[in-house]
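Spelled out from the first residue to the last, the chains are:
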Amino acid sequence: MKKIVLSIVALGATTVLMAAVNAAGCAACHGADWTKVHMGNKNVSEMSKADIATALKGYKAGTYGAAKKALMVGQVSKYSDEELDAFAQTIGK
């Protein structure tokens, strides 16, 4: 029973954190299904959860990215690392 309660609490916390990231802002460049790749965008749908989390937190820190680095820094800098991790868990494979 304790494991079930802890699982429900963890799921709820993840959902709250994920909800903090505005995915609509991402869809403009990456597509609603994360597959849009024109203009040098990455095909996020093919990235692992860990790779997405690393990229998002790296953009935030200014240590990741190339041509779109400045744009992505602005998109992710308002979120905590925990929020970015939770978001990566929802969209990564």
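Our structure's up above, just so we're on the same page.
Let me sum up the structure you'll find in this document. (Residues numbered from 1 in each chain as written. Predicted model: local features only at pLDDT ≥ 70, side-chain atom pairs only at ≥ 80, totals over all residues. Heavy atoms only, no water.)

### Topic: the overall build of the protein
Thinking step 1. A count of helices and strands for the protein gives 5 helices and 0 strands.
Thinking step 2. When the helices and strands of the protein are listed from N to C terminus, the series reads α-α-α-α-α.
Thinking step 3. Buried positions account for 26% of the 93 residues belonging to the protein.
Thinking step 4. Pairs at least 24 apart in sequence give 54% of the contacts found in the protein among residues at least 6 apart.
Thinking step 5. Taken as a whole, the protein presents about 5,800 Å² of accessible surface, with 64% of it coming from carbon and sulfur. (Helix = DSSP H or I, 4+ residues; strand = E, 2+ residues; numbered from the N terminus. Buried < 20%, exposed > 50% of the residue type's maximum accessible area, 1.4 Å probe, protein only. Contact = heavy atoms within 4.5 Å. Areas by Shrake-Rupley, 256 points an atom, 1.4 Å probe, with all protein chains shown as cover.)

### A closer look at the nonpolar core
Thinking step 1. In this structure, V44, I52, L56, V76, F87 and I91 are the most contacted members of the largest nonpolar core, which totals 16 residues.
Thinking step 2. Looking at this core, the elements that each hand over two or more residues are helix 3 (49-61), helix 4 (69-76) and helix 5 (81-91).
Thinking step 3. It is helix 3 that contributes the most residues to this core, 5 residues altogether.
Thinking step 4. Residue contacts for V44: discarding those within four places in its chain leaves H30, W34, I52 and I91. (Core = buried A, V, L, I, M, F, W, Y, C linked by side-chain atoms within 4.5 Å.)

### Examining the pattern of salt bridges
Opposite charge on two side chains lets them pair, provided their charged atoms get close.
Thinking step 1. All told, the structure shown has 2 salt bridges when counted by the stated rule.
Thinking step 2. In this structure, K57 engages D85 in a salt bridge whose closest nitrogen and oxygen atoms are separated by 2.9 Å. Taken together, the positions of K57 in helix 3 and D85 in helix 5 put the pair 28 residues apart, joining distant regions of the chain.
Thinking step 3. The salt bridge involving D81 is made with K60; its shortest N-O contact spans 3.3 Å. Residue D81 is found in helix 5, and its partner K60 is found in helix 3; the two are separated by 21 residues along the sequence. (Salt bridge = Lys/Arg side-chain N within 4 Å of Asp/Glu carboxyl O.)

### Considerations on the side chain of H30
Thinking step 1. Looking at where H30 falls in the secondary structure, it is placed in helix 2 (residues 23-30).
Thinking step 2. Under the relative-accessibility criterion, H30 is labelled buried at 13%.
Thinking step 3. From its side chain, H30 meets the backbone oxygen of K42 in a polar contact 3.5 Å long.
Thinking step 4. H30 has contacts with T35, K36, N41, K42, V44 and M72, leaving out every residue within four places of it along the chain. (Polar contact = N/O pair within 3.5 Å; in protein donor to acceptor, adjacent residues only side chain to side chain.)

### As for the packing of aromatic side chains
One pair of aromatic rings is described through two measures. These are the centre distance and the angle between the planes.
Thinking step 1. Evaluated as defined, the whole model comprises 2 aromatic pairs.
Thinking step 2. Ring plane angle 75° and centroid distance 5.9 Å describe the contact between W34 and F87, whose orientation is recorded as edge-to-face. One end of the pair, W34, is in the loop between helix 2 and helix 3; the other, F87, is in helix 5, with 53 residues separating them in the sequence.
Thinking step 3. W34 gets classed as buried once you look at its relative accessible area, which sits at 13%.
Thinking step 4. On the accessibility criterion, F87 (3% relative accessible area) is buried. (Phe/Tyr/Trp six-rings, centres within 6.5 Å; stacked < 30°, edge-to-face > 60°.)

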